[in-house]
Amino acid sequence: MALMTINVLSELLGMPVDVTVCVPTYTVDDITAGRSREICRPGMKCQTLWLFHGGAGNHLDYVKNTNIVRYAEENKLAVVMPSDFNMGYTDHTKGGKYYTFHMEELPRILRSILPLSAKREDNFIGGLSGGSAMALKSAILYPENFSVALCMSGGGLPIPGQIPFKSTDDPAKRRKVGFPGPEIPADAEPFDLIEEVKKLQAEKREIPKLYLASGDRDWGFENLKFAYESLRELGVDCEFHSEEGFGHEWDFWELTLRKAFKNNWFPLRKGYSYIREVEER
């Protein structure tokens, strides 16, 4: 397993961004079995999980708090974990285009320097808390890019450009995050989950398989469950997973990641695909 932090200059943000990436190579078992030369050869492409952190986090959160590196190695899966600088994964009218950076610029950069497959069936998206909202939103707005989305906790954060809370919710009762965040402009492009799904269905476009997960003591539990129920009413292939006694915490997110890999939520082939080498002229 190659674990690296890459510092890439973003044209959209006008600054460098740290991104931690897991790229599977061969394991000790592969070496013992004589598979190392068979596995790592020119043209290899990896299935990829694009994994987004929550508020007040960065590119190292999952590496420090979960077993994502081990899961990636066991499944021959690349994992991309970028920093968002607490900017809500949102394009700002006066400032950086953080959403477009993560969805368009970063994949273009990384696929030019790392063996990451660009095929829909090889790409999955996930996140926790604010990263959960990012994952669900992106699965709907970029359905041709991902086959599966994993949304862990708080998928309905009440900020422009993300999934809105239920209309019956009292804004005064919504949880306020206890750390400084971005002042997202009021004219930020809105996102309506239900309307966007209806558009995809009208256009007969395939929607990624959605997994929504939350601890029953999580402050966003009811809202994420509401999103699930709304999606199911529309006939979307979606599952809701909850665990008793868990709140907004790393123990739950680690447990959910372990379940996702153990129970095959991602269609993993646990190997590489290869492209034909281009002959030098």
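Since the model is a prediction, treat every value here as computed from it, not as a measurement. (Residues numbered from 1 in each chain as written. Predicted model: local features only at pLDDT ≥ 70, side-chain atom pairs only at ≥ 80, totals over all residues. Heavy atoms only, no water.)

Draft legend 1. Quick peek at the overall build of the chain. The helix and strand tally for the chain stands at 9 helices and 10 strands. Scored against the burial criterion, the 281 residues of the chain give a buried share of 51%. Carbon and sulfur atoms provide 48% of the accessible area of the chain, an area that totals close to 13900 Å². (Helix = DSSP H or I, 4+ residues; strand = E, 2+ residues; numbered from the N terminus. Buried < 20%, exposed > 50% of the residue type's maximum accessible area, 1.4 Å probe, protein only. Areas by Shrake-Rupley, 256 points an atom, 1.4 Å probe, with all protein chains shown as cover.)

Draft legend 2. Region of the structure containing the pairing of strand β1 (residues 2-10). In the sheet, β1 pairs with strand β2 (residues 15-23) via 9 bridges, with the strands oriented antiparallel. When the bridges of β2 are listed, V8 appears paired with V17. Adjacent in sequence and paired antiparallel, β1 and β2 are bridged by 4 residues, among which G14 carries a positive phi angle near 70°. (Pairing = 2+ DSSP bridges.)

Draft legend 3. Spotlight on the state of the cysteines. All told, the structure shown has 0 disulfides when counted by the stated rule. Considering cysteine sulfurs only, C151 is the nearest to C238, which forms no disulfide, with 7.9 Å between them. (Disulfide = S-S within 2.5 Å.)

Draft legend 4. Examining the environment of F240 more closely. Take F240: it is sitting in strand β9 (residues 238-243). Along the primary structure F240 and Y228 are separated by 12 residues, whereas in three dimensions their C-alpha atoms are 6.5 Å apart. With residues near it in sequence (within four places) discarded, F240 still touches L212, S214, F221, L224, K225 and Y228. (Contact = heavy atoms within 4.5 Å.)

Draft legend 5. Quick look at the packing of helix α5 (residues 98-113) against helix α6 (residues 130-141). Where α5 contacts α6, the two axes come as close as 12 Å, and the packing angle between them is 60°. Between α5 and α6, the crossing angle belongs to the class labelled oblique. In the crossing of α5 with α6, the sense of the turn from one axis to the other is right-handed. Of the residues in α6, those in contact with Y99, H102 and M103 of α5 are M134, K137, S138 and L141. A breakdown of the residues in the contact of α5 with α6 according to their chemical character gives 4 nonpolar, 2 polar and 1 charged. (Axes fitted to C-alpha atoms, helices over the stretch in contact; angles between N-to-C directions. Parallel < 35°, antiparallel > 145°, perpendicular 65-115°, else oblique. Left-handed = near helix turned anticlockwise from the far one by under 90°. Nonpolar A, V, L, I, M, F, W, Y, C, P; charged D, E, K, R; others polar.)

Draft legend 6. Highlighting unusual backbone geometry. The backbone phi angle of A56 is positive, close to 65°, even though this residue is not glycine. Within the secondary structure, A56 sits in the loop between β4 (47-52) and α3 (61-65). Although it is not a glycine, K76 sits at a positive phi angle of roughly 50°. With respect to the helices, strands and loops of the structure, K76 is situated in the loop between α4 (68-74) and β5 (77-82).

Draft legend 7. Structural view of the nonpolar core. Among the nonpolar cores identified, the biggest contains 48 residues, and W50, L110 and L210 are the most heavily contacted of them. In terms of residue count, the dominant contributor to this core is α5 (6 residues). What L210 contacts, discounting residues up to four positions off in sequence, is L136, A139, A149, L231, V236, D237, C238 and E239. One finds Y71, M81, L128 and W253 within the second-largest nonpolar core, a separate group that totals 25 residues. (Core = buried A, V, L, I, M, F, W, Y, C linked by side-chain atoms within 4.5 Å.)

Draft legend 8. Structural detail: helix α9 (residues 250-262). For α9, which comprises 13 residues, the first-to-last C-alpha distance of 18 Å matches the rise-based estimate of 18 Å (1.5 Å per residue) to within 8%. Among all positions in α9, only F252, W253, E254, L255, T256, L257, A260 and F261 are buried. (Expected span 1.5 Å × (residues − 1).)

Draft legend 9. Local environment of the packing of aromatic side chains. Tallying each qualifying case throughout the model produces 12 aromatic pairs. Arranged with centres 5.6 Å apart and planes meeting at 90°, the rings of Y62 and W250 form a pair that is edge-to-face. Taken together, the residues Y62 in helix α3 and W250 in helix α9 connect sequence positions 188 residues apart. Look at F246 and F252: their rings are 6.0 Å apart centre to centre, the planes differ by 50°, and that puts the pair in the tilted class. The buried category is assigned to F252, whose relative accessible area is 1%. Within the aromatic cluster, the residues linked to one another by ring pairs are Y71, F124, F261 and F266. A cation sits over an aromatic face here: R41 above Y274, 3.6 Å from the ring centre. Residue placement shows K137 over the ring face of Y99; its charged tip is 4.3 Å from the ring centre. (Phe/Tyr/Trp six-rings, centres within 6.5 Å; stacked < 30°, edge-to-face > 60°. Lys NZ or Arg CZ within 6 Å of the ring centre and 35° of its normal.)

Draft legend 10. Geometry of the sheet that holds β1. Within the open sheet, the 8 strands sit side by side as β1-β2-β5-β4-β6-β7-β8-β9. Their pairing is mixed. The open sheet terminates on both sides in strands that have one partner only, identified here as β1 and β9. Strand-to-strand twist across the sheet, computed as the mean angle between neighbouring axes with direction ignored, equals 20°. As paired elements, β4 and strand β6 (residues 123-128) share 5 bridges and run parallel to each other.

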